[in-house]
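# Examination of the molecular architecture
Listed below, chain by chain, are the residues.
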Amino acid sequence: GAGVSQSPRYKVAKRGQDVALRCDPISGHVSLFWYQQALGQGPEFLTYFQNEAQLDKSGLPSDRFFAERPEGSVSTLKIQRTQQEDSAVYLCASSLATVTDTQYFGPGTRLTVL
Amino acid sequence: QKEVEQDPGPLSVPEGAIVSLNCTYSNSAFQYFMWYRQYSRKGPELLMYTYSSGNKEDGRFTAQVDKSSKYISLFIRDSQPSDSATYLCAMKGNYGQNFVFGPGTRLSVLP
């Protein structure tokens, strides 16, 4: 595809529900990043993949957050037992190779937890 | 104190004005500096990317990095209403995986 795509674009969940957010990176991009962006704030790093390997998950706020990229392309961010404080925009970005390469962002998934 | 600070704005300027957007940071290890533009309900898009100190120009945009002052700037010349967006700075050191973003400055260019 032409760019990074994310689905769904909007998700409303009741507190306690599990959600899964999908990211399709640019074809051939090795690196994939997930960020959380609260209203009026900049993106905050969650986790980083190089191909299928999750090299850094230091930004995941709790063990309710889990990310995977099993075949080194599409990635899923899963949030279990959602809480109101999880409400945010979840952004995915990909880059060609190294972590210093330009990151291309998707449009984000806006998660609202009621 | 956050690692990267930005004035959140909103900053309102008339069309054609020169805009100056700034970030300060505390981590002297940062070497890679980026400016992103984010329109409402869209993902950030890269505007400028510089390494270490100095200036970089691209069309109407100029990025400056002053590592001695831990201060970076983005200048927009001949600003247009289409420049109205939130501008995010991001930076990273030589080690570690992730870029650290500022909170963003909301810019409004009035026709």
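This report concerns the structure included in the present document. (Residues numbered from 1 in each chain as written. Chains lettered and ligands numbered in written order. Predicted model: local features only at pLDDT ≥ 70, side-chain atom pairs only at ≥ 80, totals over all residues. Heavy atoms only, no water.)

### Observations concerning the side chain of Gln6(A)
Residues and elements named next belong to chain A.
- Positionally, Gln-6 belongs in strand 1 (residues 5-7).
- Separated by 3.0 Å, the side chain of Gln-6 and the backbone nitrogen of Cys-92 make a polar contact.
- With sequence-adjacent residues up to four places away left out, Gln-6 is seen in contact with Arg-22, Cys-23, Trp-34, Tyr-90, Leu-91, Cys-92, Gly-106, Pro-107, Gly-108 and Thr-109. (Helix = DSSP H or I, 4+ residues; strand = E, 2+ residues; numbered from the N terminus. Polar contact = N/O pair within 3.5 Å; in protein donor to acceptor, adjacent residues only side chain to side chain. Contact = heavy atoms within 4.5 Å.)

### A word on the environment of Phe30(B)
- Residue position: Phe30(B) is located in strand 4 (residues 30-38).
- Other than its neighbours up to four places away in sequence, Phe30(B) contacts Glu3(B), Val4(B), Tyr25(B), Lys67(B), Met91(B), Lys92(B), Gly93(B) and Val100(B).

### Side note on the sheet that holds strand 7 (residues 61-66) of chain B
All names here are of chain B.
- Judged by pairing direction, the sheet is antiparallel, and its five strands sit side by side in the order 1-3-8-7-6 without closing on themselves. Among the strands making up the open sheet, the edge pair consists of strand 1 (4-6) and strand 6 (54-58). Across this sheet, the average inter-strand angle for adjacent strands is 15°, counted without regard to direction. (Pairing = 2+ DSSP bridges. Axes fitted to C-alpha atoms, helices over the stretch in contact; angles between N-to-C directions.)

### Here's the deal with the nonpolar core
- Judged by nonpolar contacts, the single largest core of 25 residues is most densely connected at Val4(B), Trp35(B), Ile72(B), Leu74(B), Tyr87(B) and Met91(B).
- Listed by contribution, the elements that provide at least two residues to this core are strand 3 (19-25), strand 4, strand 5 (45-51), strand 7, strand 8 (71-76), strand 9 (85-93) and strand 11 (105-110) of chain B.
- Val4(A), Cys23(A), Ile26(A) and Leu46(A) belong to the second-largest nonpolar core, a separate cluster that totals 20 residues. (Core = buried A, V, L, I, M, F, W, Y, C linked by side-chain atoms within 4.5 Å. Buried < 20%, exposed > 50% of the residue type's maximum accessible area, 1.4 Å probe, protein only.)

All we've got here are geometric facts, nothing functional implied.
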